[in-house]
Amino acid sequence: MRDLTALPDLNIALVQTTLAWHDRQANLEHFEPLLAQAGSADLIVLPEMFTTGFSMDSHALAEPENGPTQRWLQAQAAKHNAVITGSVIIQAADGSHRNRLLWVRPDGEVLHYDKRHLFRMAGEHNHYTPGERQVQFELKGWRIRPLICYDLRFPVWSRDAQDTDLLLYTANWPGARRQHWNRLLPARAIENLCYVAAVNRVGTDGKGFAYTGDSQVLDFQGETLLSAGEADGVFEVKLDAAELAAYRTRFPANLDADSFQFV
């Protein structure tokens with residue numbers, strides 16, 4: 001098992017805010033001063049589809065790989081010396097449309113995760129191609145696994161078999177189902193013996209759906225470390241790897257987990 005006690009603290013900033021409907025430039029201009037409030041964050045997390053709102057108009061709104069939002073993220077990551085992440089509508093090199101989380105480092109490197117579970121109740125599966133693989137990123141020695149919105153409902157896909165330290169969810173999760181969001185997030189933390197950070201939006205989208213936020217960070221026992229409620233703003237928290245290591249030593253339930261593989 002890895003020695004987590006030597007890892008530095010990880011500073012996270014969650015940006016919970018409204019989104020302009022189908023207006024990339026307005027959203028990017030809106031986020032710039034918010035990013036400046038992130039202070040000493042190592043990781044800044046933006047909502048799902050943060051340039052457009054949760055839209056099925058993929059053909060009109062998709063950006064190419066290495067498009068304007070990616071270049072903006074690279075500039076902002078360098079400016080703030082932090083990893084910045086959030087999902088964007090992307091047309092991949094194979095022509096498919098993806099709900100793609102971009103993980104952009106200060107040195108300009110870009111990694112990504114494509115949303116696996118597409119929200120069929122909104123027809124997302126008719127407009128986007130699902131991701132095929134889990135990914136894990138490293139930051140300051142921390143192992144971080146990103147997931148997107150509807151992925152939260154699927155414990156097998158969320159289940160950690162990679163010694164993940166932080167599960168990261170970015171979402172447009174409507175207020176009508178906020179109870180599900182607030183119950184499933186602690187479950188994912190508890191069952192995976194890891195921290196969970198989740199970012200949602202607030203406000204009303206172009207289809208009239210209301211979003212009530214509830215961005216939050218939970219520890220490995222599902223206890224709340226940060227809760228944004230319905231507020232609009234930037235919310236920061238510090239994660240302690242030594243506390244995670246101590247809990248896993250006291251309660252190593254992961255040693256009895258069922259093994260499986262995806263086919």
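Residues numbered from 1 in each chain as written. Predicted model: local features only at pLDDT ≥ 70, side-chain atom pairs only at ≥ 80, totals over all residues. Heavy atoms only, no water.

By the naming in an unreviewed UniProt entry, the protein chain is Amidohydrolase, taken from Pseudomonas quebecensis.

Caption draft 1: View of the overall build of the protein chain. For the protein chain, the count of helices and strands is seven helices and 15 strands. C-alpha atoms of the protein chain, sized along the principal axes, occupy 50 × 40 × 35 Å. In the protein chain, which comprises 263 residues, the share counted as buried stands at 54%. In the structure as shown, the protein chain presents an accessible area of about 11,200 Å², 48% of it carried by carbon and sulfur atoms. (Helix = DSSP H or I, 4+ residues; strand = E, 2+ residues; numbered from the N terminus. Buried < 20%, exposed > 50% of the residue type's maximum accessible area, 1.4 Å probe, protein only. Areas by Shrake-Rupley, 256 points an atom, 1.4 Å probe, with all protein chains shown as cover.)

Caption draft 2: Up close: the environment of Phe235. Of note, Phe235 is situated in strand S15 (residues 233-239). On a C-alpha basis, the gap between Phe235 and Ile12 in space is 8.2 Å, while along the polypeptide they are 223 residues apart.

Caption draft 3: Broad picture of the side chain of Thr17. Within the secondary structure layout, Thr17 lies in the loop between strand S1 (10-16) and helix H1 (24-36). Only 2.7 Å separates the side chain of Thr17 from the side chain of His30, close enough to count as a polar contact. Leave out the neighbours within four places in its chain, and Thr17 touches His30, Phe31, Leu34, Asn200, Arg201, Val202 and Asp232. (Polar contact = N/O pair within 3.5 Å; in protein donor to acceptor, adjacent residues only side chain to side chain. Contact = heavy atoms within 4.5 Å.)

Caption draft 4: Here's a closer look at the nonpolar core. Membership of the largest hydrophobic core comes to 49 residues, with the highest contact counts inside it found for Ile12, Leu43, Trp103, Ile144, Leu166 and Leu239. Broken down by element, this core gets its largest block of residues, five residues, from strand S10 (residues 195-199). In this structure Trp103 touches Leu43, Val83, Ile84, Thr85, Glu109, Val110, Leu111, Phe137, Leu139, Ile144 and Leu168, once residues within four positions along its chain are discounted. Core analysis: the second largest hydrophobic core is formed by 22 residues, Leu19, Leu28, Ala41 and Val88 among them. (Core = buried A, V, L, I, M, F, W, Y, C linked by side-chain atoms within 4.5 Å.)

Caption draft 5: Representation of helix H7 (residues 241-250) in the model. Residues of H7 that are buried: Ala241, Leu244, Ala245, Tyr247 and Arg248. Down the axis of H7, the buried set is contained in an arc of 165°. They therefore lie on one face. Seen from the buried face of H7, the exposed residues on the opposite side, beyond 90 degrees, are Thr249 and Arg250. Buried-residue contacts for H7 involve strand S8 (142-148), helix H6 (178-192), S10 and S15. Looking at where H7 begins, the residue whose side-chain oxygen comes 2.8 Å from the main-chain nitrogen of Ala242 is Asp240. (Arc of directions from axis to C-beta.)

Caption draft 6: Just the pattern of salt bridges, in detail. Going through the model one piece at a time under the given rule, you end up with 17 salt bridges. Here Arg98 and Glu132 are joined by a salt bridge, their closest N and O atoms 3.4 Å apart. A residue pair is termed long-range when its members are at least 10 positions apart, and Arg98 in strand S5 (residues 97-104) and Glu132 in the loop between helix H4 (124-127) and strand S7 (137-139) qualify at 34 residues. For Arg98, a relative accessible area of 6% corresponds to the buried category. A residue is classified by how much of its surface remains accessible, and Glu132, at 54% relative accessible area, is exposed. The closest approach of N and O atoms between Glu109 and Arg105, which form a salt bridge, is 3.3 Å. Here Glu109 falls in the partly exposed class, since its relative accessible area comes to 38%. Through salt bridges with shared partners, one network takes in Glu65, Asp94, Arg98, Arg100, Asp114 and Glu132. (Salt bridge = Lys/Arg side-chain N within 4 Å of Asp/Glu carboxyl O.)

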